[in-house]
Amino acid sequence: MNEDKKLQFLEELTTLLKGQVTPKSKETLEGEAFCESLKLHITQLYEQTHRLDLFSDEFNYSEFVASNIDFPLDRLKEQIEKTWLKDKLTIGFMGHFATGKTTALNLLFDESFQVHQHENTAIATYLTYGSKQNVVTIVDRAGQSQELTLDQCSILDYSKGIMGFPFARIFNYMVKENSAKLLEDITIIDTPGLFSKKTDHSAPTMNVISSCDTVFWFLNITNSLRDDDIRVMKESLQGKPVYIVFSFVDALGTTQSQVDSSIKSIVANLKEKQIDYKGYLMLGGKAETQSRFKREALNLLKKMSDEYEVYSPGGHISASIDFLENFLVQCQANHTKQIGKLDKETDDLLDAYRASSRSFITECNNCTSRFNNMVDTFNTRCAGAMFCGGAEDALRNNINSISNSLNGMVRAYNNMNEEKLVDFGKGVARMQLYQYNLDKISEILSEVKKLKEYLQ
Ligand SMILES: Nc1nc2c(ncn2[C@@H]2O[C@H](COP(=O)(O)OP(=O)(O)OP(=O)(O)O)[C@@H](O)[C@H]2O)c(=O)[nH]1
Ligand SMILES: [Mg+2]
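This section reports on the structure supplied with the text. Just so it is clear, the model here is predicted, and its values are computed rather than measured.

Definitions and cut-offs
Residues numbered from 1 in each chain as written. Chains lettered and ligands numbered in written order. Predicted model: local features only at pLDDT ≥ 70, side-chain atom pairs only at ≥ 80, totals over all residues. Heavy atoms only, no water. Helix = DSSP H or I, 4+ residues; strand = E, 2+ residues; numbered from the N terminus. Rg over C-alpha atoms; globule rule 2.2 N^0.38 Å. Buried < 20%, exposed > 50% of the residue type's maximum accessible area, 1.4 Å probe, protein only. Areas by Shrake-Rupley, 256 points an atom, 1.4 Å probe, with all protein chains shown as cover. Lys, Arg positive; Asp, Glu negative; His and termini not counted. Charge placed at Lys NZ, Arg CZ, Asp CG, Glu CD. Axes fitted to C-alpha atoms, helices over the stretch in contact; angles between N-to-C directions. Parallel < 35°, antiparallel > 145°, perpendicular 65-115°, else oblique. Left-handed = near helix turned anticlockwise from the far one by under 90°. Contact = heavy atoms within 4.5 Å. Nonpolar A, V, L, I, M, F, W, Y, C, P; charged D, E, K, R; others polar. Pairing = 2+ DSSP bridges. Near = heavy atom within 4 Å. Phe/Tyr/Trp six-rings, centres within 6.5 Å; stacked < 30°, edge-to-face > 60°. Lys NZ or Arg CZ within 6 Å of the ring centre and 35° of its normal. Donors = N, O, S within 2.8 Å, 3.2 Å for Na, K, Ca; no water. Salt bridge = Lys/Arg side-chain N within 4 Å of Asp/Glu carboxyl O.

1. Focus on the overall build of the chain
Scanning the chain from N- to C-terminus turns up 12 helices and 9 strands. Its C-alpha atoms give the chain a radius of gyration of 40 Å, clearly above 23 Å, the size a compact globule of 456 residues would have. C-alpha atoms of the chain, sized along the principal axes, occupy 140 × 55 × 40 Å. Sorting the 456 residues of the chain into buried and exposed places 43% on the buried side. Accessible surface, the chain: about 24,900 Å² in total, of which carbon and sulfur atoms supply 50%. Counting 51 positive and 62 negative side-chain charges, the chain places the averaged centre of each group 2 Å from the other.

Structure follows, in structure tokens:
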């Protein structure tokens, strides 16, 4: 790039950066803060439940939190800023750079975003429903937005700009309205191409993956399937319906059978790598290929908007709160049942212990009463006499009885079941633990109910 062009680019960029910006609205900031505090609150309720060790071993706690608390709340937060994403099926155009993503967007919606044979799209571009045809809103990393004409926007294109200029360090995304009826139900995100060695555009693309309900993955069929494609499709698109767009289908300049065999080999490779995709479209450079692509892609998008359920972060969050509530109610019932069972078991253990100690007490009582008899005999019938006929027998009987009772006490003591007492202690401790958990469960449950009421 010559110095004059570079200078002109920097001057235009400076003018653009000095332009008037609109900061994020107060409502947006408050909405975002609300999402963050809601995320914290729900996570704390889950954390308190987790600490009581109530979830089963199979329950993957951190994965659950990431997928069912963080994810929906991040999407909700995003929809507060990007209101056009709400209740729309969001489709990401992704893949290697220069594979025709922007070309496809232009074709489908009669747009005129710049395309280039090298890496071109620098920041994620949302095409949304609306009537402001000739304006592009660019949003910087601080969330400030600025309206640009299409011409001003061309500074982001490499034909005019600087190859590898890190626009994504300044700008976050662009939004362009388009009045196509289909966009009432869907939003398209055209993303910067991946895997370039000259530029690093991957961050803005990887950042929007979580916002996409489905993905159109672009593959230039004149190249074979790359390891990079496989890696991102496997690792980052997991669980999202993916449609392949085979581009450059007429660039081979040969027969249909060569196109078919090229696609067949990529399809076999995808299958071998266990990459699931829902279907494919073919994009080319010739007018007839492009009109067929347009027809088929628009039909597919229409079908998708009819068939796919639009993701609702609010519904997902409610489901996560309901899940916790139902789980706690179940634990509450289970704990109450366990406490009832242990209460009975400890009562039975205590009864068994008491029964085993009863004969010891009986023998004790016998011994005491015989001894009292002897004392009585001495004090009354033998008062002042060494021996007297009746008292001698009475004393002998009492001594024998005391000896029997003492032996009985030894036997009864040996038969006393202390294990029952130990088991009783253990049972009581378990009961106390259940009771502690039950109290905590009730506390969390009442917080959950309060939160539900608040959110209604
Ligand atoms: N022959 C032919 N050319 C194509 C096809 N698709 C795109 N092109 C051309 O390939 C170049 C790259 O197309 P783009 O639409 O800019 O590609 P992209 O995927 O958006 O590229 P990045 O924005 O860099 O990720 C442009 O010159 C297009 O005109 C195709 O199917 N066949
Ligand atoms: Mg592009």
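2. Quick look at the packing of helix H2 (residues 26-51) against helix H10 (residues 313-379)
In contact at an axis separation of 11 Å, H2 and H10 are set at 25 degrees when each is read in the N-to-C sense. Looking at the two axes, H2 sits roughly parallel to H10. As H2 packs across H10, the resulting crossing turns out to be left-handed. Contacts between H2 and H10 pair Leu38, Ile42, Leu45, Tyr46 and Thr49 from the former with Ile317, Ser320, Ile321, Phe323, Leu324, Phe327 and Leu328 from the latter. Residue classes in the contact of H2 with H10 are distributed as 10 nonpolar, 2 polar and no charged.

3. Considering the sheet that holds strand S3 (residues 135-140)
Pairing between sheet strands relies on hydrogen bonds along the backbone, with the strands arranged either parallel or antiparallel. Taking strand neighbours across the sheet as the criterion, the 9 strands line up as S4-S3-S5-S2-S6-S1-S7-S8-S9 in an open arrangement whose pairing is mixed. Two strands close off the open sheet at either side, each with one partner strand: strand S4 (145-149) and strand S9 (279-282). With direction set aside, neighbouring strand axes in the sheet form an average angle of 25 degrees. In this fold helix H4 (residues 101-109) packs onto strand S1 (89-95), strand S2 (124-129), strand S5 (171-178), strand S6 (186-190) and strand S7 (214-220), with an angle of close to 140 degrees to the strand it touches most, S1. Sheet strands in contact with helix H7 (residues 227-235) are S7 and strand S8 (242-247), and its direction is about 170 degrees off that of S7.

4. Focus: the site of ligand 1
The full set close to ligand 1 counts 21 residues, and Lys101, Thr103, Asn120, Thr121 and Phe248 are the nearest of them. Considered on its own, ligand 1 offers 640 Å² of accessible surface; in the complex 85% of this is hidden by protein. Taken together, the residues that form the shell around ligand 1 break down as 6 nonpolar, 13 polar and 2 charged.

5. Overview of the packing of aromatic side chains
Inspection of the entire model under this criterion finds 22 aromatic pairs. The ring of Tyr173 has Lys82 sitting right over it, with the charged end atom 4.5 Å from the ring centre.

6. Looking at the coordination of the magnesium ion (ligand 2)
Coordination of the magnesium ion (ligand 2) by the protein involves Thr102 (OG1) and Thr121 (OG1), with metal-donor separations of 2.0 Å. Residue Thr102 is located in helix H4, and its partner Thr121 is located in the loop between H4 and S2; the two are separated by 19 residues in the primary sequence. Of the two residues, Thr102 and Thr121, both sit in the buried class.

7. Quick word on the pattern of salt bridges
All told, the structure shown has 24 salt bridges when counted by the stated rule. Note that Arg51 and Glu47 form a salt bridge whose closest N and O atoms lie 3.9 Å from each other. Placement of both Arg51 and Glu47 in helix H2 is noted, with a separation of 4 residues, approximately one turn of the helix. Using a relative accessible area of 29% as the deciding quantity, one classes Glu47 as partly exposed. Linked through salt bridges whose partners overlap, the residues forming this network are Asp322, Glu325, Lys449 and Lys452.

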